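Here's the letter readout for the chains.
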Amino acid sequence: MTVPQITLNDGRTIQQLGFGVFKVDPAETERIVSEALEIGYRHLDTAAVYGNEEGVGRAIAASGIPRDELFVTTKLWNTEQGADTTPPALAASLDRLGLDHVDLYLIHWPRPDLDRYVQTWQAFEQLRAEGLTRSIGVSNFHRPHLQRLFDETGTVPAVNQIELHPAFAQRELRAFGESHGIRTEAWGPLGQGKYDLFGEAAVAGAAAAHGVTPAQVVIRWHLQQGIILFPKSASRERIAANFDVFGFELSDAEIAAIDALDRGLRVGADPEAAVF
Ligand code: NAD
C-alpha cells in the first residue's frame, strides 16, 4: 500500500494520509499508535494539549521504525504562544516524545485576541533554523491571520491545518492558502461523527457502488483533492480500514455529489472566537 507523498513549500515531503490522536486516552495511546504503525501508518499527528505525546513517543521507540521513515507533527498550545515561551514548549514536547526533532510544528490556534501569533511565528522560524522542527505551519488560521504572517515575517507556513469535511469544505480558505503555496491539512475529516455524513446518499451510494465503507469514501474525497488528512479511531479494525483506501477511485461525478454537501457546517470551535 503506497501512501502518496505531498511536497511542501520548503521542499520536504509529507505522507498524505496519517493517523491523528486527538481524544485518544493517554493510557491507551502507546497501544493504539503501535497498532497504527503495524498497519503501515508513518505520519502521526498529536499536540501538547492532547496529553498523549508520551504514548506516541513510546510507540515510536518500540516500533524500531527508522526515524527518517516517520513524519511526526505536534502543536504549540495557546497558553505557550510568545517569543520566550515557545522554545521551551517545543523542548518539552520533544522530551515527552523522546525525539530530537519533530517533522512539523504548528501554532495550534491563532488566538487573535492574544495578538501573539506573529512573534510566535518568528520563534518558529528560529526553531526550524536550529533543526528542532523540519517544517513549520499553522492551524485554524483564517485569511487575515495568514496575511499578517506574509506581511510581517519572512516565511510562508508549509501547511494550514483546518476543520474540513464535506459539509464544511472551506473552499475559499483552501484556495487562498494554496495560491500562496500552503498545503491544506484537514482536521475532523470525518466530521468527528457529529452529523450523519455516512448516511448521506452521495456518500452511501458511492460506498455501495465501490463495495467500500462510507468512511473510506470520505477519505478518498479528501485524498483525490490533494488534502492531507489523519483520521482518528481507537478501533484496530477502523484504523486498518481507514488506511485501506488505495484500491478504488471516486469518479468526478461522485466527487461532485459529495462536494454538493457543503453547507458551511462547522462542528468545532470558530478560530475567531476561540478563547480556550
Ligand atoms: P475525525 O473526523 O477523524 O473523526 C473521528 C471520529 O470518527 C472518531 O470518534 C471515530 O469514532 C470515528 N471514526 C473513525 N473512523 C471511522 C470509521 N472507519 N467508521 C466510522 N467511524 C469512524 O475527527 P478528529 O479526530 O477530530 O480529527 C482527526 C485528527 O485531526 C485528530 O485526531 C487530530 O490529530 C487532528 N485535530 C486537530 C485539530 C486542530 O485544532 N488542529 C482539532 C481536532 C482534530
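In short, a report on the structure. If you're wondering where the values come from, they're calculated on a predicted model, not measured in any experiment.

Reading the values: the criteria
- Residues numbered from 1 in each chain as written.
- Predicted model: local features only at pLDDT ≥ 70, side-chain atom pairs only at ≥ 80, totals over all residues.
- Heavy atoms only, no water.
- 1 Å grid on protein atoms, 1.4 Å probe; cavity = no way out; pocket = protein on both sides within 12 Å on 5 of 7 lines; lining within 4 Å.
- Points joined across faces, edges and corners; volume = space filled by probe spheres on them.
- Helix = DSSP H or I, 4+ residues; strand = E, 2+ residues; numbered from the N terminus.
- Nonpolar A, V, L, I, M, F, W, Y, C, P; charged D, E, K, R; others polar.
- Phe/Tyr/Trp six-rings, centres within 6.5 Å; stacked < 30°, edge-to-face > 60°.
- Buried < 20%, exposed > 50% of the residue type's maximum accessible area, 1.4 Å probe, protein only.
- Near = heavy atom within 4 Å.
- Polar contact = N/O pair within 3.5 Å; in protein donor to acceptor, adjacent residues only side chain to side chain.
- Areas by Shrake-Rupley, 256 points an atom, 1.4 Å probe, with all protein chains shown as cover.
- Sits in = over half its atoms within 2 Å of the grid points.
- Salt bridge = Lys/Arg side-chain N within 4 Å of Asp/Glu carboxyl O.

So, empty space enclosed by the protein
Thinking step 1. Taken as a whole and judged by the stated rule, the model has two cavities of 30 Å³ or more.
Thinking step 2. Size it by volume and the largest cavity reaches roughly 50 Å³.
Thinking step 3. For the largest cavity, the full set of lining residues is Leu146, Asn160, Ile162, Leu173, Arg174, Gly177, Ile182, Arg183 and Thr184.
Thinking step 4. Listing elements by their share of the lining of the largest cavity, those giving two or more residues are strand 8 (159-163), helix 6 (171-179) and strand 9 (183-187).
Thinking step 5. Broken down by element, the residue count for the lining of the largest cavity peaks at three residues, all from helix 6.
Thinking step 6. Among the residues making up the lining of the largest cavity, the classes are represented as four nonpolar, three polar and two charged.

Details of the packing of aromatic side chains
Thinking step 1. Counted according to the given criterion, the structure contains 10 aromatic pairs.
Thinking step 2. Here the aromatic rings of Trp109 and Trp187 are separated by 6.4 Å at their centres, their planes lie at 65°, and the arrangement is edge-to-face. Pair noted here: Trp109 is in the loop between strand 6 (102-107) and helix 4 (117-129) and Trp187 is in strand 9, with a separation of 78 residues, a long-range link. In terms of burial, Trp109 and Trp187 fall into one category: buried.
Thinking step 3. On the basis of an interplanar angle of 85° and a centroid distance of 5.1 Å, the ring pair of Trp109 and Phe276 is categorised as edge-to-face. Taken together, the positions of Trp109 in the loop between strand 6 and helix 4 and Phe276 in the segment after helix 10 (252-259) put the pair 167 residues apart, joining distant regions of the chain.
Thinking step 4. Among the residues examined, Trp109 registers a relative accessible area of 7% and is labelled buried.
Thinking step 5. With a relative accessible area of 41%, Phe276 lands in the partly exposed category.
Thinking step 6. An aromatic cluster is built from Trp77, Trp109, Trp187 and Phe276, whose rings are joined through pairwise contacts.

A look at the site of the ligand
Thinking step 1. Near the ligand, the surroundings consist of 25 residues, among which Asp45, Ser139, Leu190, Gln192 and Asn242 are the closest.
Thinking step 2. Within the contact set of the ligand, an oxygen atom lies 2.7 Å away from a backbone nitrogen or oxygen of Leu190.
Thinking step 3. Here the ligand, which alone exposes 840 Å², has 87% of that area covered by the protein.
Thinking step 4. Because more than half of its atoms lie within 2 Å of the grid, the ligand is assigned to the largest pocket.
Thinking step 5. Looking at the shell around the ligand residue by residue, the classes come out as 11 nonpolar, 10 polar and four charged.

A few points about the pattern of salt bridges
Thinking step 1. Applying the stated criterion to the full structure yields 14 salt bridges.
Thinking step 2. Residue Glu152 pairs with Arg148 through a salt bridge whose shortest N-O separation is 3.0 Å. With a gap of four residues between them, Glu152 and Arg148 both fall in helix 5 (residues 143-152), about one helical turn apart.
Thinking step 3. By relative accessible area, which is 28% here, Arg148 ends up partly exposed.
Thinking step 4. Residues Arg171 and Asp262 are paired through a salt bridge, measuring 3.2 Å at the closest nitrogen-oxygen approach. Of this pair, Arg171 sits in helix 6 while Asp262 sits in the segment after helix 10; the two residues are 91 residues apart in sequence, bridging distant segments of the chain.
Thinking step 5. Here Arg171 falls in the partly exposed class, since its relative accessible area comes to 34%.
Thinking step 6. Overall, Asp262 belongs to the partly exposed group, its relative accessible area being 31%.
Thinking step 7. Residues participating in the shared-partner salt-bridge network are Glu28, Arg31 and Glu35.

Overview of the layout of surface pockets
Vacant regions in the atomic arrangement are exposed by a probe of water-molecule size rolled over the atoms.
Thinking step 1. In this model, the largest pocket occupies a volume close to 860 Å³.
Thinking step 2. In terms of lining, the largest pocket is formed by 37 residues, of which the most central are Phe22, Gly188, Pro189, Gln192 and Lys232.
Thinking step 3. Where the lining of the largest pocket is concerned, the elements lending two or more residues are strand 9 and helix 9 (236-243).
Thinking step 4. Among the elements that line the lining of the largest pocket, the one with the most residues is helix 9, at four residues.
Thinking step 5. Among the residues forming the lining of the largest pocket, the class breakdown is 18 nonpolar, 13 polar and six charged.
Thinking step 6. Considered as a void within the structure, the second largest pocket measures approximately 210 Å³ in volume.
Thinking step 7. Forming the boundary of the second largest pocket are 14 residues, of which Thr13, Asp68, Leu70, Phe71 and Asp103 lie nearest the centre.
Thinking step 8. Sort the elements by how many residues they give to the lining of the second largest pocket and strand 2 (residues 13-15) lands first, with three residues.
Thinking step 9. Here the lining of the second largest pocket is built from residues that sort into three nonpolar, four polar and seven charged.

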